[in-house]
Amino acid sequence: MTAIVVSPLGRIAEMAVRHKSREMVSLLAEKQDFHRPAVILAERHLTLAMNDISFAGTGNLIAPQDGHIQNLIDFAKSWDQSAPLLIHCWMGVSRSPAAAALVSLALYPEQNEQDLAKRLRQASPYATPNSRIIEIGDRLLNRDGRLVAAFKAIGRGADTDGNVPFVLPLNG
């Protein structure tokens, strides 16, 4: 069994090499430039252009949408799990932890949402998963509000400077 590595943008190369990742999901603002680590296969790099906001209609910002989350779910289901999946956003605190939770549920739908939320909190006391990503994932993965409730129950993470990557073990 492998895991999901959650990282801030500034540490993706280090985390990719350390954990021997070959696949990556990037959740960043549109047109935000960065270099894909050489160890990540170009054809196994999913970029989702979205801002870290929890509601639509905020000027030129792009809120997470159903299409983003469906692409994430589809990518997750095509991951062979032979090496850890690297998921990152700008700080590794909101979008990427939410995406990690959805990837875990997409792959192992039998797991309990509360156990997943607690496992994520144990892996990172700082994670505050983006509520809109969680809400969309809850609906697309047919969790009937249980995922939203589980993440509300663990609350906001502790304050951080965003330089705290973590590993979320998969529940397989």
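Residues numbered from 1 in each chain as written. Predicted model: local features only at pLDDT ≥ 70, side-chain atom pairs only at ≥ 80, totals over all residues. Heavy atoms only, no water.

Draft legend 1. Broad picture of the overall build of the protein chain. When helices and strands are tallied, the protein chain shows 6 helices and 5 strands. Helices (α) and strands (β) of the protein chain occur, in sequence order from the N terminus, as β-α-β-β-α-β-α-α-α-α-β. Against the globule reference of 16 Å for 172 residues, the protein chain gives a C-alpha radius of gyration of 14 Å, in line with a compact fold. Taken over the C-alpha atoms alone, the protein chain extends approximately 40 × 40 × 30 Å along its principal axes. Of all intrachain contacts in the protein chain linking residues separated by at least 6 positions in sequence, the fraction that spans at least 24 positions is 72%. Summed over its atoms, the accessible surface of the protein chain is roughly 8000 Å², and 50% of this surface lies on carbon and sulfur atoms. (Helix = DSSP H or I, 4+ residues; strand = E, 2+ residues; numbered from the N terminus. Rg over C-alpha atoms; globule rule 2.2 N^0.38 Å. Contact = heavy atoms within 4.5 Å. Areas by Shrake-Rupley, 256 points an atom, 1.4 Å probe, with all protein chains shown as cover.)

Draft legend 2. Examining the layout of surface pockets more closely. Empty space within the largest pocket amounts to approximately 340 Å³. At the level of secondary structure, the elements contributing two or more residues to the lining of the largest pocket comprise helix 5 (131-140) and helix 6 (146-154). In the lining of the largest pocket, the residues fall into 8 nonpolar, 7 polar and 5 charged. (1 Å grid on protein atoms, 1.4 Å probe; cavity = no way out; pocket = protein on both sides within 12 Å on 5 of 7 lines; lining within 4 Å. Points joined across faces, edges and corners; volume = space filled by probe spheres on them. Nonpolar A, V, L, I, M, F, W, Y, C, P; charged D, E, K, R; others polar.)

Draft legend 3. Structural context of unusual backbone geometry. For Q81, which is not glycine, the phi dihedral falls at a positive 60°. Its identity is not glycine, yet N142 carries a phi of approximately 55°, on the positive side. Within the secondary structure, N142 sits in the loop between helix 5 and helix 6.

Draft legend 4. The sheet that holds strand 5 (residues 166-169), seen in detail. If you walk across this open sheet you meet the 5 strands as 3-2-4-1-5, and the pairing is mixed. Every interior strand has two partners, whereas the edge strands, strand 3 (45-49) and strand 5, have only one. Across the sheet, the mean angle separating the axes of adjacent strands is 20° when strand polarity is ignored. Here 5 bridges tie strand 2 (residues 23-28) to strand 3, and the two strands are oriented parallel to one another. (Pairing = 2+ DSSP bridges. Axes fitted to C-alpha atoms, helices over the stretch in contact; angles between N-to-C directions.)

Scope: geometric values only; no functional claims are made or implied.
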